[in-house]
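# Results of the structural survey
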Amino acid sequence: MQNNLFLLKCEGQVSPIGIDTGFPVFSWKIIKKGYPGYQKNFRILLADTETAISAQADLIWDFLSQTESMSVPYGGPPLLSRQTYFWQIILTTDSGKVLKSHITHFETGFLNQDCWQAKWICLSGSPLTQHLPEVDKEGEPLPVDFDMISFGPVHQVRKEFSVTKKIKKARLYLTAHGVYIPFLNGKRIGCYELAPEHTMYQNQLLYQIYDLTEDLTPGNHTIGVYVADGWYRSRMGFDGSNCQQGDELALLLQLELEYADGEKYVLCSDGTFQVTEGAYLYADMMSGEKYDARLEKTDFFLNGYKKTDFRYARIMKEDYKNLRAQIGNHIKITEVLLPQAYYQLDESSVMLDYGKCIAGRIQFRLNEKAGQKIIIEHSEAEGVDHTFVKNIITPYREQIITYICKGSDMESHEPLFNYHGFRYIRVSGVTGKFNPNNFCAHVLGTEMETTSTFFCSDERLNKLQNNILRSQFSNMISIPTDCPQREKAGWTGDVQIYASTACFNQDVKDFFIRWLSDVSYCQSKDGQIPIIVPFLSGHERAFDGIGCSAGWSDVIIILPWVLYQYYGDIQILENYYEAMEKWVSHIKRAAASENPKELQHVTGKRAEYLKYIWNTGFHFGDWLTPSVSMNPATGDVDLMQSAIMTMELVPTVFYAYCCKLMKKISSTLGKEERAKYYSSLYQHVKTAFQYEYLNKDGTVKSELQGIQVLALHAGLVDNGSRDNTIRKLVNLIHANGDRLDTGFLSTPYLLDVLTDAGYKQLAYKLLYSEEFPSWLYEVKMGATSIWESWQAILPDGQVSHVSMAHYAFGCVGDWMYRNIIGIRSEAPGYKKIRIEPGLDCGLISAKGSYESIYGLISCEWKIHENQVSIDVIVPFNTTAELVVNNNEIVLSAGSYHFEYKKEN
Ligand code: BGC
């Protein structure tokens, strides 16, 4: 039984089933807010019955550790597959108090590949032909005639079986090439959406585990599964090409029954499984879906199917090497929305507004005659006077649902095999009286705990925070994506830019680690980290020759480092250290061995410096720098301009920054020799950068704010140069009417660089500005999410063709949490906390919290006349330093209230 003091997790989840590691990690925390004290030692007990734990006898593992760590990997004798284990934590606090947790459990699944008896079965009658669209010179697909594209149908699979007696335990292990949805006797089972998720399938293909104990009573049953193209076969290539991970849909299913009398029965996918096609004519992740309800074959999923309109599945030669159990972080429906407004567009079409930009899909009900065609289109924006405009117009990313009615009363449907980014939909084809409530939106997201709260006396900032969260939720779908509509791609740069804000807002640890495994898998032999992960052949084709990019590929160093700061897990650094080193070696080699044509004949001192300047290859640079990429008069966005303008300096800055981080990471891992190496490499890069890119007055040779910010952040200018560069940055901001002009890479550091240089008030001014481009300009324009480009909606309401749900510029959240609420980490995992309320920020109150691995950290402050009140919660096993009016007070775990006189 759960007690109210502890939260216990195994592999990051409460009581998981089906774990496939023999060394699960146990973690715990005290959930009572501000519970006083430290952990002096802990004892973990593990047994295969609950009574053994209670009696502290017949234990499998009894481990005592004199540490403050609140997680430990299993270290006892080998665990067995398909077993339930029980465990408990007993910890002693610094004051000698003994705290006993409740007893919890977890279940192992397949600890080795031999547990798989099922065969992979191929469902497709024949492979789908790969379609390689024509692309323009930027790799973007050229428009096509939609009807000419061939899509594959969704397959339906069935298998009838008997349960002969009472069941003690039933587990279904299931995965597919494609995305699948399982049914038992025609009823959907589980709540996992878009399983088996988007990964680099050769590296890891997840399988899901379902508990069917309650569902399988004695008698006949039919397992039915839909398998659709999903990420496996849809148009996931950046160039719009399909069949990116394979061209035939397949299934792997193993149902294990344990009867009450101990007898076992295993049902395995094999050549007796029946396959057919029904109403889903196609279901593509990017283009949308076509469903003809007149062709439905729902009885195929029921017992006693007598028709012969099926074929038998074909057994495939496929191994189990890439299979991994999915423990948590599933995609699920997180919210259901009804339209907030609707507008009749013309006789046969209506626009519905769901009030906010989301990732999800529409579930609808209709009362139409057979054969009536209904079309649903999605968009994140509306035009002037509530007209329907599509903000995304790229071919192959149409997001169109076509539904042909069967003509029954109130037939209902939900396109289950894709998701869209939208706020508005246009519904065409409905006859009769239109009821908007028959169209509800299902919001999708990955199941992860929200760990932040933020609220302050400026409503605009509260909206901004909501927009940040919403864009995060819309893009944490299976992998961290750039946007939920146009690309749904794991752009590596976007992740590193936003990582810290993401970690504050949600428990993203295991989600990011899963993706990192694919990042390192996609690393090339010579160390290059791709710009998108999973990296598919269609990306390769579109970005011919671009194996990596500065500021994007550095995710392999920056993300593990950020994760370590938030979750204190050194293993993450250990696991990716080799990949990090390979990446820096690649940069070093590229810098030392290649120069652009005009520099190839340089000799002498400069030639020596050039060895540390990374000045070749294509780089996205300070992507989307407003003054170079946008034209507010026309709404045009020239994506490539900021890359062209900044790609010379940016790579060397990130080269230096990576060396700096590698020095810290190496020291953290106790690799002192490597730390020295990176420290010296950093010095070389820095000296070369200064020689090559500094003006005589020490400022950086660029008139862009972002470049000054990046050079300052990487510590590449010091002493007088630093002062001059800061002054130059401040002047550039003033000359721009106190507005920012930074791109993707520099925006995360802009406000910090200003704050650290003593220009905190200017940082606030940028944050509070409503002038285009700024965060609050978007809020003023009614944004409900963070836009890809500041000018997604122009001051006159005109809509640009960019995404409205890109989290990258939401990176400002990280600064707001640290500077307005005032919560910052001083040691990995927030073991030491600094609380410095933003009393100088111009607001009269703010409150916020972060649910850390140790428990809740919170700070609430209010200014009333000249009096300041501050409430703080410090979690068990941590210490905090509260800084007010330049005074520091050390706080141990607890809840506190302070009153101060406000100083100016
Ligand atoms: C994506 C970005 C990405 C960029 C590369 C875009 O199409 O949406 O967010 O990082 O390309 O610069």
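Please refer to the structure placed before this passage.
Worth saying up front: this structure is predicted, and the values here are computed from it rather than measured.

### Considerations on empty space enclosed by the protein
All chains considered together, the criterion is met by four cavities of 30 Å³ or more. Looking at the largest cavity, its volume works out to about 50 Å³. If you go around the largest cavity, the residues you meet are Thr747, Pro748, Leu751, Asp752, Trp775, Cys811, Val812 and Trp815. Those elements that provide at least two residues to the lining of the largest cavity are α16 (747-756) and α19 (812-821). Top contributing element to the lining of the largest cavity by residue count: α16, with four residues. Looking at side-chain class alone, the lining of the largest cavity contains six nonpolar, one polar and one charged residues.

### Observations concerning the side chain of Glu377
Inspection of the secondary structure puts Glu377 in strand β27 (residues 373-379). Within polar-contact distance, the side chain of Glu377 engages the side chain of Lys390 at 3.5 Å. Leave out the neighbours within four places in its chain, and Glu377 touches Phe388, Lys390, Gln399, Ile400, Tyr424, Ile425, Arg426 and Ser428.

### Topic: the nonpolar core
Leu461, Leu464, Ile557, Leu767, Ile820 and Ile870 are the most contacted members of the largest nonpolar core, which has 169 residues in total. Contact partners of Ile557, with chain neighbours within four places excluded, come to Met580, Trp583, Val584, Cys658, Leu661, Met662 and Ile665. Grouped together as the second largest cluster of nonpolar side chains are 123 residues, Ile44, Tyr201, Val227 and Phe434 included.

### What to know about the pattern of salt bridges
Under the counting rule described, the total for this entry stands at 49 salt bridges. Through salt bridges with shared partners, a single ionic network connects Glu107, Lys169, Arg171 and Asp211.

### Observations concerning the site of the ligand
Close to the ligand lie Asp482, Arg486, Glu487, Trp491, Asp494, Trp552, Phe620, Trp623, Phe744, Glu788 and His806, which account for all nearby residues. Within the side chain of Glu487, one N or O atom sits 2.7 Å away from an oxygen atom of the ligand. Within the side chain of Trp552, a nitrogen or oxygen atom sits 3.1 Å from an oxygen atom of the ligand. Here the ligand, which alone exposes 310 Å², has 97% of that area covered by the protein. Broken down by class, the residue content of the shell around the ligand amounts to five nonpolar, one polar and five charged.

### With respect to the sheet that holds strand β2 (residues 25-30)
Across the sheet, which stays open at both edges, the three strands sit in the order β1-β2-β5 with antiparallel pairing between neighbours. Edge positions in the open sheet fall to β1 (6-10) and β5 (71-73), since each of these has one partner strand only. Going from strand to strand, the sheet's axes swing by 15 degrees on average, the running direction of each strand aside.

### Quick notes on a negative patch on the surface
Taken together, the side chains of Asp136, Glu138, Asp636 and Asp638 make up a negatively charged region of the molecular surface. As for its position among the elements, Glu138 is in the loop between β9 (121-122) and β10 (155-163).

### Things to note about the environment of Ser680
Here Ser680 shows up in helix α13 (residues 672-693). Judged by relative accessible area, Ser680 falls into the partly exposed class, the value being 38%. For the pair Ser680 and Ile644, spaced 36 residues apart in sequence, the C-alpha separation works out to 30 Å.

### Focus: the side chain of His330
Tracing the sequence through the fold places His330 in the loop between β23 (323-325) and β24 (331-337). A relative accessible area of 7% places His330 in the buried class. Leaving out residues up to four positions away in the same chain, His330 has contacts with Tyr192, Glu197, Gln208, Gly445, Thr446 and Glu447.

### Observations regarding helix α12 (residues 650-668)
With 19 residues, α12 extends 27 Å from end C-alpha to end C-alpha; this agrees with the ideal 27 Å at 1.5 Å per step. Most of α12 is tucked away: 14 of the 19 residues are buried. One or two residues past the end of α12 sits Gly670, with phi positive at roughly 75 degrees.

### Here's the deal with the sheet that holds strand β12 (residues 179-184)
Spatial ordering of the open sheet is given by β13-β12-β15-β10-β18-β21, a layout of six strands whose pairing is antiparallel. Where the open sheet ends on each side, the last strands, each with one partner, are β13 (187-188) and β21 (311-312). Note: β12 against strand β15 (residues 219-228), six bridges, orientation antiparallel. Among the inter-strand pairings, Tyr180 is bridged to a residue of β15, identified as Val227.

### Some remarks on the pairing of strand β30 (residues 400-404)
Among the five residues in β30, five count as buried, and that is most of the element. Residues Ile400, Thr402 and Ile404 of β30 are buried on one face, and the alternating residues Ile401 and Tyr403, pointing to the opposite face, are buried as well. Direction of pairing for strand β20 (residues 288-292) relative to β30: parallel, over a ladder of five bridges. Among the inter-strand pairings, Tyr291 is bridged to a residue of β30, identified as Tyr403. Where β27 and β30 come together, five bridges link them in antiparallel fashion. Note that in β30 the partner of Glu377 across the bridge is Ile400.

### Overview of the packing of α12 against α13
At their nearest, the axes of α12 and α13 sit 8 Å apart, and the two run at 160 degrees to each other. In terms of axis orientation, α12 runs roughly antiparallel to α13. As for how α12 packs across α13, the hand of that crossing is left-handed. Note on element contacts: α13 touches α12 through Glu672, Arg674, Ala675, Tyr678, Ser679, Leu681, Tyr682, Val685, Phe689 and Tyr693, opposite Thr652, Val653, Tyr655, Ala656, Cys659, Lys660, Met662, Lys663, Ser666 and Ser667. The residue inventory of the contact of α12 with α13, partitioned by class, reads 12 nonpolar, four polar and four charged.

### Remarks on the layout of surface pockets
Taken as a whole, the second largest pocket encloses approximately 1,200 Å³ of empty space. If you list the elements that add at least two residues to the lining of the second largest pocket, you get α4 (492-505), α7 (555-567), α12, α14 (705-713), α16, α19 and β39 (823-825). The element best represented in the lining of the second largest pocket is α16, accounting for six residues. Tallied by class, residues from the lining of the second largest pocket come to 16 nonpolar, eight polar and 12 charged.

### What to know about the environment of Arg674
Looking at the element boundaries, Arg674 is found in helix α13. By relative accessible area, Arg674 is classed as partly exposed at 31%. It is 8.3 Å that separates the C-alpha atoms of Arg674 and Met662, two residues lying 12 residues apart in sequence. Contact partners of Arg674, with chain neighbours within four places excluded, come to Tyr577, Glu581 and Ser666. Of the polar contacts made by the side chain of Arg674, one reaches the side chain of Glu581; its length is 2.9 Å.

Calculation notes
Residues numbered from 1 in each chain as written. Predicted model: local features only at pLDDT ≥ 70, side-chain atom pairs only at ≥ 80, totals over all residues. Heavy atoms only, no water. 1 Å grid on protein atoms, 1.4 Å probe; cavity = no way out; pocket = protein on both sides within 12 Å on 5 of 7 lines; lining within 4 Å. Points joined across faces, edges and corners; volume = space filled by probe spheres on them. Helix = DSSP H or I, 4+ residues; strand = E, 2+ residues; numbered from the N terminus. Nonpolar A, V, L, I, M, F, W, Y, C, P; charged D, E, K, R; others polar. Polar contact = N/O pair within 3.5 Å; in protein donor to acceptor, adjacent residues only side chain to side chain. Contact = heavy atoms within 4.5 Å. Core = buried A, V, L, I, M, F, W, Y, C linked by side-chain atoms within 4.5 Å. Buried < 20%, exposed > 50% of the residue type's maximum accessible area, 1.4 Å probe, protein only. Salt bridge = Lys/Arg side-chain N within 4 Å of Asp/Glu carboxyl O. Near = heavy atom within 4 Å. Areas by Shrake-Rupley, 256 points an atom, 1.4 Å probe, with all protein chains shown as cover. Pairing = 2+ DSSP bridges. Axes fitted to C-alpha atoms, helices over the stretch in contact; angles between N-to-C directions. Patch = residues over 30% accessible without salt bridge, like charges linked within 9 Å, V, L, I, M, F, W, Y side chains within 5 Å. Lys, Arg positive; Asp, Glu negative; His and termini not counted. Charge placed at Lys NZ, Arg CZ, Asp CG, Glu CD. Expected span 1.5 Å × (residues − 1). Parallel < 35°, antiparallel > 145°, perpendicular 65-115°, else oblique. Left-handed = near helix turned anticlockwise from the far one by under 90°.

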